[in-house]
Amino acid sequence: MAVILTVDVVLLTLRGDELHVALFKRAREPFRGLWALPGGFIREAEDDSAKAAAARVLRDKTGLVPPYLEEFGTVSGPARDPRGWSLTVVYFALVPAALLDGQPDTFAVSRLPNLPFDHAAVIAQVVERVRNKASYSSLPVFLCDPEFTIPELHAAYEAVQGEQVNAANFRRKLEEMGVLEEIKGQTKVSGRNRPAQLYRVAKPFRDRLSVRPRGL
């Protein structure tokens, strides 16, 4: 029997102050009716690469082109799928909650339903990778709206890392990475706070990470 070759995507977003992952109910066996990661078979005649397959799966499932899509790695073995020996290439995508507009269903990564295959373990590993990368890169900006304030970005970093981030160190890190550009004359009022300057990701970094220089 041929090896089963698929892609699976861990689509992450922020709701409130928690990371959430998008899940879909499986429409067919095995595990029909259970929540699972969006995924599918790689189509030899259609997909130029595994990444193209992952982007297609997300487009078909959500209608979205995610602002950030990165390969996590491969998971394989004879026991992970009851249909036979399988290999999946796992990707993770980051999407602002506003782009999802309530669809698809998302679950806090700390409170997942019963999941089939090895999806729970895959999500845990991806979340660990994302949290680690957030400590030295601009990764959380892809979870923010296109225009955001520094306090909003700071809150995104804290949500992703799952811990408080010193405000002074945070601003210094942003300056070192040079990832933001000020939107001249544009501010945002939040609650009773004073208007805060709006920023966006600088053009060179809108589809890639900025990484904090080593030794800083």
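Scroll up a little and you will see the structure.
A brief structural summary. (Residues numbered from 1 in each chain as written. Predicted model: local features only at pLDDT ≥ 70, side-chain atom pairs only at ≥ 80, totals over all residues. Heavy atoms only, no water.)

**Re the overall build of the chain**
Stated precisely, the cut-off is as follows: Every helix listed is a DSSP run of H or I at least four residues long, and every strand listed is a run of E at least two residues long, numbered separately from the N terminus. Only the C-alpha atoms count toward the radius of gyration. The rule for a globule is 2.2 Å times the residue count to the power 0.38. Note on contacts: a residue pair is in contact if any heavy atoms of the two residues lie within 4.5 Å. Here the Shrake-Rupley method, with its probe set to 1.4 Å, supplies the accessible areas, and only the displayed protein chains count as covering residues.
Looking only at helices and strands, one finds 5 helices and 11 strands in the chain. Here the C-alpha radius of gyration of the chain, 19 Å, is about what a compact globule of 216 residues would show, namely 17 Å. Nonlocal contacts in the chain, meaning residues at least 24 apart in sequence, comprise 64% of its contacts between residues at least 6 apart. Accessible surface computed for the chain: about 11,700 Å², of which carbon and sulfur atoms make up 48%.

**Considerations on the side chain of Thr-6**
Tracing the sequence through the fold places Thr-6 in strand E1 (residues 4-15). When residues no more than four places from it in sequence are discounted, the contact partners of Thr-6 are Gly-40, Phe-41, Ile-42, Leu-87, Thr-88 and Val-89.

**Section: the pairing of strand E11 (residues 196-201)**
In plain terms, the rule: When DSSP finds two or more bridges between two strands, those strands count as paired.
In terms of strand pairing, strand E9 (residues 148-149) meets E11 through 2 bridges, oriented antiparallel. What sits directly across from Phe-148, in E11, is Tyr-199. Note that strand E10 (residues 180-188) and E11 share 5 bridges and pair antiparallel. For Glu-181, the partnering residue across the bridge sits in E11 and is Arg-200.

**What to know about the sheet that holds E11**
Strand order in this open sheet of 3 strands is E9-E11-E10, and the pairing throughout is antiparallel. Each edge of the sheet is formed by a strand with only one pairing partner; in this case those strands are E9 and E10.

**Comments concerning the environment of Val-9**
Relative to the helices and strands, Val-9 is located in strand E1. On a C-alpha basis, the gap between Val-9 and Leu-58 in space is 7.6 Å, while along the polypeptide they are 49 residues apart. If sequence neighbours within four positions are ignored, Val-9 has contacts with Leu-37, Pro-38, Ala-54, Leu-58, Leu-69, Tyr-91 and Ala-93.

**Description of the packing of helix H4 (residues 150-161) against helix H5 (residues 167-177)**
Condition: Under this scheme, a helix contributes an axis fitted over its contacting stretch, all axes are lines through C-alpha atoms, and angles between N-to-C directions fall in the 0 to 180 degree range. Any angle from 65 to 115 degrees is called roughly perpendicular, while one under 35 is roughly parallel, one over 145 is roughly antiparallel, and all others are oblique. Residues are grouped as follows: Ala, Val, Leu, Ile, Met, Phe, Trp, Tyr, Cys and Pro are nonpolar; Asp, Glu, Lys and Arg are charged; all remaining types, including Gly, are polar.
Look at H4 against H5: their axes get within 11 Å of each other, and the N-to-C directions meet at 100°. Considering the angle they form, H4 stands roughly perpendicular to H5. Note on element contacts: H5 touches H4 through Ala-167, Phe-170, Arg-171, Lys-173, Leu-174 and Met-177, opposite Ile-150, Leu-153, His-154, Tyr-157 and Gln-161. Partitioned by chemical class, the residues of the contact of H4 with H5 number 7 nonpolar, 2 polar and 2 charged.

**Describing the packing of aromatic side chains**
This is how the line gets drawn: Note on ring pairs: Phe, Tyr and Trp rings are taken, using the six-membered ring of Trp, and paired if centres are within 6.5 Å. Classes follow the plane angle, with under 30 degrees stacked, over 60 edge-to-face and the rest tilted. For the exposure calls, accessible area comes from a 1.4 Å probe over protein chains only, and a residue counts as buried if that area is under 20% of its type's maximum, exposed if over 50%, partly exposed in between. Ring-over charges, as used throughout, are those where CZ of Arg or NZ of Lys falls within 6 Å of the ring centre and within 35 degrees of the ring normal.
Inspection of the entire model under this criterion finds 5 aromatic pairs. Judged by centre distance (5.0 Å) and plane angle (65°), the ring pair of Tyr-157 and Phe-170 falls under edge-to-face. Here Tyr-157, found in helix H4, pairs with Phe-170, found in helix H5; they are 13 residues apart in sequence, far enough to count as distant. Judged on exposure class, the residue Tyr-157 and its partner Phe-170 are both buried. Taken together, the aromatic side chains of Tyr-68, Phe-92 and Phe-142 make up a single cluster linked through ring pairs. The ring of Phe-24 has Lys-61 sitting right over it, with the charged end atom 5.6 Å from the ring centre.

**Some details on the pattern of salt bridges**
Filter applied, for reference: Salt bridge, as used here: a side-chain nitrogen of Lys or Arg that lies within 4 Å of a carboxyl oxygen of Asp or Glu.
With the rule as written, the count across this model stands at 12 salt bridges. In this structure, the salt-bridge partner of Arg-80 is Asp-118, at a minimum N-O distance of 2.9 Å. Of this pair, Arg-80 sits in the loop between strand E6 (68-77) and strand E7 (86-94) while Asp-118 sits in the loop between strand E8 (106-108) and helix H3 (119-134), and the two are 38 residues apart along the sequence. For Arg-80, a relative accessible area of 11% puts it in the buried group. Between Glu-181 and Arg-206 there is a salt bridge whose closest N-O contact spans 3.0 Å. With Glu-181 in strand E10 and Arg-206 in the segment after E11, this pair connects stretches of sequence that are 25 residues apart. By relative accessible area, which is 26% here, Glu-181 ends up partly exposed. Several salt bridges converge on common partners, so that one network encompasses Arg-43, Glu-46, Asp-47, Arg-56 and Asp-60.

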